[in-house]
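Letter by letter, the chains look like this.
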Amino acid sequence: MPEYEFVDVYVPRGVSRKEATRLLTDQAEYGHWELDRLSLHRDGSRRVRLRRRIIRQARATW
C-alpha cells in the first residue's frame, strides 16, 4: 500500500479563483503534489489538502 505525506494550504477569501488555481498548479508541477481534499468555507476561504507519494528505496544487500 502506498504511503503519502500531506500538507494543508489555507487560501484566504480575498484570493481569486484564478490565483488559487495558479498557486495549486505551481505546487503540483514543482513539488509533485496532487489534490487530496478541498473545503470551501462560508466566508469564501478555502482549505486545501495536498498529498504526494513517499518513495522508499529498498536497501541493497551485498
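Residues numbered from 1 in each chain as written. Predicted model: local features only at pLDDT ≥ 70, side-chain atom pairs only at ≥ 80, totals over all residues. Heavy atoms only, no water.

By the element assignment, E34 lies in strand 2 (residues 34–40). Relative accessible area serves as the criterion here: at 38%, E34 is assigned to the partly exposed category. Spatially, the C-alpha atom of E34 lies 15 Å from that of I55, the residues being 21 residues apart in sequence. Apart from residues no more than four positions distant in its own chain, E34 is found in contact with Y4, R49, L50 and R51. (Helix = DSSP H or I, 4+ residues; strand = E, 2+ residues; numbered from the N terminus. Buried < 20%, exposed > 50% of the residue type's maximum accessible area, 1.4 Å probe, protein only. Contact = heavy atoms within 4.5 Å.)

Right, let's talk about the packing of aromatic side chains for a bit. Pairs of aromatic rings are described using the distance from one ring centre to the other and the angle between the two planes. Across all of its chains, the model carries zero aromatic pairs by this definition. Of note, R49 hangs over the ring of F6, and the distance from its end group to the ring centre comes to 5.2 Å. Above the ring of Y4, the side-chain terminus of R51 is found at 4.2 Å from the ring centroid. (Phe/Tyr/Trp six-rings, centres within 6.5 Å; stacked < 30°, edge-to-face > 60°. Lys NZ or Arg CZ within 6 Å of the ring centre and 35° of its normal.)

Counted under the stated rule, the structure contains six salt bridges. E3 serves as the salt-bridge partner of R56, at 3.2 Å between the closest nitrogen and oxygen. A residue pair is termed long-range when its members are at least 10 positions apart, and R56 in the segment after strand 3 (46–54) and E3 in strand 1 (residues 3–11) qualify at 53 residues. The salt bridge involving R51 is made with E34; its shortest N-O contact spans 2.6 Å. Of this pair, R51 sits in strand 3 while E34 is found in strand 2, placing the two residues 17 residues apart along the sequence. The class for R51 is partly exposed, based on a relative accessible area of 22%. A cluster of three or more residues bridged by salt bridges with shared partners is formed by E34, D36 and R51. (Salt bridge = Lys/Arg side-chain N within 4 Å of Asp/Glu carboxyl O.)

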